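# Residue-level structural notes
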Amino acid sequence: MNFEFTTPNRIIFGRGHFAEIGNIAQNFGKKALLVTGRQALKTSGKIEMLKEILAKNGIEFSHFIVSAEPEIKTVELAATKAREENCDLVIGIGGGSVLDLAKAVAGLLTNEGELLDYLEVIGRGQLLRKPAASFIAVPTTAGTGSEVTNNAVIKDPASQRKASFRSPHLLPRVALIDPELTYSLPPAITAQTGLDGLIHLIEAYTSKRSQPLTDLLCRDGISRIARSLSRAYKNGNDQEAREDMALASLEGGLALSNSGLGAVHGFAAVLGGSYPIPHGLACASLLPYVLEANVQALRAERATNPIFHRYEEIAEWLLGKPLKTGDETIEAGLRFIRELTNLFQIPLLAHFGVKPNDLPEIARKAAQASSMKANPITFFQEELVSILQKALG
Ligand SMILES: [Fe+2]
């Protein structure tokens, strides 16, 4: 058995812990690049509180607002601002886009060169030589897990793809997870990000690179999302459900960072780069069809491929119990997923302007995505196109 497991230095979890951000930050620097989204902190009434806390702890800051999924030029812009303002610390408070941008800036601040030197697939894929600037990650959504991952996903409009800036140096110094920050998330964002979190756990558990430590996280996280995602969707102030979702998101982040993902994320890397489709929706619209294709292909190899049995376990955790036979359990698990995507009214890909003629090119690019390589089955081009056709509608 061989594996590696990396995490941020410190993970702090619990309701109300956001108030500790000043105390934590003062251990790492004097001037922070504070990266946030446009809305989340305002809606939760925490932005003024944050400014007061930072001032009280003697932390100066320069504010960078992220309003869309990070592109190469936005990351470079933020890194230039951080250098010009002599920032020695990066604090990211927001959803996946905010945390990914902040993480990439922390990496660029202490290293030579430009972002394209380090990006996988579309860039030069160089190794990051020096530790990143100290980075404190505070998620305000539950699902992306970016607060504990070693990669930042960046969009490149030129090649119409998303690719990762990845290095163990990019792991945050502190991940501060306060479920209270997610109470004000609207139902649609709760659903999209929550399903992304569920997919991280499912894909990491069935990845070719799955390992014992992440297996434990996946089991716990999938059960939590199964019992709490629709509750959090229906009532944002359900404290227990929000706590379950925040913890499952963290578990999914640790799992994907150490064990990789699968075909859903392989497709999403291309779709998110080429169409105006939020990451969670791209993943959610593909999930039922990728699961069916994986299960169907693995069923033929069930005697020799132990991953097939893992889909039975996932279905059992989703349902809370096994049914009479393994096949019945898997079928009911797939129904559970379809019912969730129906409840959340996840649109089909056609809704985002994807056309039937685009599918072969999407499939060709998706085959090269890093996540696709960890999928338990290596699909042929026509199989990839067939999955896309079903998700297109
Ligand atoms: Fe994801």
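Note that the structure is a prediction, hence the values are computed from the model and not measured.

The secondary structure content of the protein chain amounts to 15 helices and eight strands. The C-alpha radius of gyration computed for the protein chain amounts to 20 Å, which stays within 12% of the reference 21 Å derived for 393 residues, consistent with globular compactness. Across its three principal axes, the protein chain shows a C-alpha extent of roughly 60 × 45 × 45 Å. Counting the 393 residues in the protein chain, one finds 55% classified as buried. Across the protein chain, every contact between residues at least 6 apart in sequence was considered, and the portion connecting residues at least 24 apart equals 79%.

Non-glycine residue Val121 carries a positive phi angle of around 60 degrees. Relative to the elements of secondary structure, Val121 occurs in the loop between α6 (115-118) and β5 (134-139).

Let us look at the sheet that holds β5. Strand order in this open sheet of six strands is β1-β8-β5-β4-β2-β3, and the pairing throughout is parallel. On the outer flanks of this sheet lie β1 (10-13) and β3 (60-66), each paired with one strand and no other. In this sheet, adjacent strand axes meet at a mean angle of 15 degrees when their direction is disregarded. Here two bridges tie β5 to strand β8 (residues 174-177), and the two strands are oriented parallel to one another. Within β8, the residue paired with Ile136 across the bridge is Val174. Across the sheet, helix α5 (residues 96-109) is in contact with β2 (31-37), β3, β4 (89-94) and β5; its angle to β4 comes to roughly 170 degrees.

Grouped together as the largest cluster of nonpolar side chains are 127 residues, with contacts concentrated most on Val35, Val90 and Val105. Broken down by element, this core gets its largest block of residues, 11 residues, from helix α11 (residues 279-299). When residues of this core are assigned to domains, at least three fall in each of domain 1 (10-182) and domain 2 (187-392). Once residues lying within four places of it in the same chain are set aside, the contact partners of Val105 are Leu33, Val75, Ala78, Ala79, Ala82 and Val90.

Attention shifts here to the environment of Phe344. Along the chain, Phe344 turns up in the loop between α13 (326-343) and α14 (359-366). Residue Phe344 is classed as buried on the basis of its 21 C-beta neighbours within 10 Å. Expressed as a C-alpha distance, the spacing of Phe344 and Glu20, which sit 324 residues apart in the sequence, is 34 Å. Every residue in contact with Phe344, bar those within four places of it in the chain, is listed here: Ala191 and Tyr233.

This brings us to the pairing of β5. Burial of β5 is extensive: six of the six residues sit out of reach of the surface. Across six bridges, the pairing between β4 and β5 is parallel. Bridge assignment links Val90 to a residue of β5, and that residue is Phe135.

Another point: the pairing of β2. Counting buried positions along β2 gives six out of seven residues, so the element sits mostly inside the fold. In the sheet, β2 pairs with β3 via seven bridges, with the strands oriented parallel. Within the sheet, the bridge partner assigned to Val35 lies in β3 and is Phe64. Pairing of β2 with β4 involves five bridges; the strand directions are parallel. Residue pairing in the sheet places Leu34 in a bridge with Ile91 of β4.

Our focus in this paragraph is the domain arrangement of the protein chain. For the protein chain, the domain assignment lists domain 1 (10-182) and domain 2 (187-392). Using C-alpha coordinates to define each centre, domain 1 is positioned 26 Å away from domain 2. Opposite the 26 residues of domain 1 that make contact, domain 2 presents 29 residues. Broken down by secondary-structure element, the contributors of at least two residues to the side of domain 1 that touches domain 2 are β6 (151-156) and β7 (161-166). Top element by residues in the side of domain 1 that touches domain 2 is β7. It accounts for three residues. Residue composition of the side of domain 1 that touches domain 2, by class: seven nonpolar, 12 polar and seven charged.

Taking 1.5 Å per residue as the helical rise, α13 with its 18 residues ought to reach 26 Å, and the 26 Å between its terminal C-alpha atoms agrees with that figure. Along α13, the positions that sit buried rather than exposed are Thr329, Ile330, Gly333, Ile337 and Leu340. The buried residues of α13 occupy an angular sector of 100 degrees when projected down its axis, which confines them to one face. Residues of α13 that are exposed and point over 90 degrees away from its buried face: Glu339 and Asn342. Next to the buried residues of α13 lie α8 (212-234), α11 and α12 (307-319). Gln345 sits one or two residues past α13 and shows a positive phi near 50 degrees.

Reading the values: rules and limits
Residues numbered from 1 in each chain as written. Predicted model: local features only at pLDDT ≥ 70, side-chain atom pairs only at ≥ 80, totals over all residues. Helix = DSSP H or I, 4+ residues; strand = E, 2+ residues; numbered from the N terminus. Rg over C-alpha atoms; globule rule 2.2 N^0.38 Å. Buried ≥ 20, exposed ≤ 12 C-beta atoms within 10 Å, placed from the backbone. Contact = placed C-beta atoms within 7 Å. Pairing = 2+ DSSP bridges. Axes fitted to C-alpha atoms, helices over the stretch in contact; angles between N-to-C directions. Core = buried A, V, L, I, M, F, W, Y, C linked by C-beta atoms within 7 Å. Domains from an automatic or database assignment. Nonpolar A, V, L, I, M, F, W, Y, C, P; charged D, E, K, R; others polar. Expected span 1.5 Å × (residues − 1). Arc of directions from axis to C-beta.

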